[in-house]
Amino acid sequence: MAQDSIAVANGAEHEATTTGLNHRKMLMWAFLGSDCMFFGSLIATYLVYQGKSLAGPMPLDVFDIPVTSVSTFVLLMSSMSMVIAYAALTRG
């Protein structure tokens with residue numbers, strides 16, 4: 001009985017699905033598709049409104065090196081903290 005629960009916890013047992021595909025794999029593909037559509041809509045919106053604003057932040061204000069550097073640093077540190085947290089979880 002204990003080995004059955006270990007096999008289920010490790011994902012050795014296959015789930016019965018109506019499509020025959022793994023639910024986790026389908027959810028990952030759905031997430032990737034929604035992510036592509038989200039960023040595609042942001043890029044399309046930028047292309048539609050490009051050059052139409054006379055006021056507001058200009059590209060030099062938004063894509064300034066210090067601002068970009070801080071944003072990149074924050075993203076890298078959040079990724080590193082996730083890797084460290086996952087390593088700590090796998091060690092127990």
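Remember, predicted model here, so these are calculated numbers, not experimental data.

Caption draft 1: Summary view of the overall build of the chain. Secondary structure summary: the chain contains four helices and zero strands in total. Seen in sequence order, the chain has helices and strands lined up from the N terminus as α-α-α-α. For the chain, the computed accessible surface area is about 8,700 Å², with 72% contributed by carbon and sulfur atoms.

Caption draft 2: Expanded view of a nonpolar patch on the surface. Taken together, the side chains of V70, F73, V74, L76, M77, M80 and I84 make up a nonpolar region of the molecular surface, amounting to roughly 670 Å² of accessible area. Position of F73 relative to the elements: it lies in helix α4 (residues 65-91).

Caption draft 3: Here's a closer look at the packing of aromatic side chains. Following the criterion strictly, the structure yields one aromatic pair and no others. For the pair F38 and F39, a centre-to-centre distance of 5.2 Å together with 75° between the ring planes defines the contact as edge-to-face. For F38, a relative accessible area of 47% puts it in the partly exposed group. Among the residues examined, F39 registers a relative accessible area of 45% and is labelled partly exposed.

Caption draft 4: Quick peek at helix α2 (residues 23-49). With 27 residues, α2 extends 39 Å from end C-alpha to end C-alpha; this agrees with the ideal 39 Å at 1.5 Å per step. Downstream of α2 by one or two residues, G51 has phi in the positive range, about 80°.

Here is what the cut-offs are and how they apply
Residues numbered from 1 in each chain as written. Predicted model: local features only at pLDDT ≥ 70, side-chain atom pairs only at ≥ 80, totals over all residues. Heavy atoms only, no water. Helix = DSSP H or I, 4+ residues; strand = E, 2+ residues; numbered from the N terminus. Areas by Shrake-Rupley, 256 points an atom, 1.4 Å probe, with all protein chains shown as cover. Patch = residues over 30% accessible without salt bridge, like charges linked within 9 Å, V, L, I, M, F, W, Y side chains within 5 Å. Salt bridge = Lys/Arg side-chain N within 4 Å of Asp/Glu carboxyl O. Phe/Tyr/Trp six-rings, centres within 6.5 Å; stacked < 30°, edge-to-face > 60°. Buried < 20%, exposed > 50% of the residue type's maximum accessible area, 1.4 Å probe, protein only. Expected span 1.5 Å × (residues − 1).

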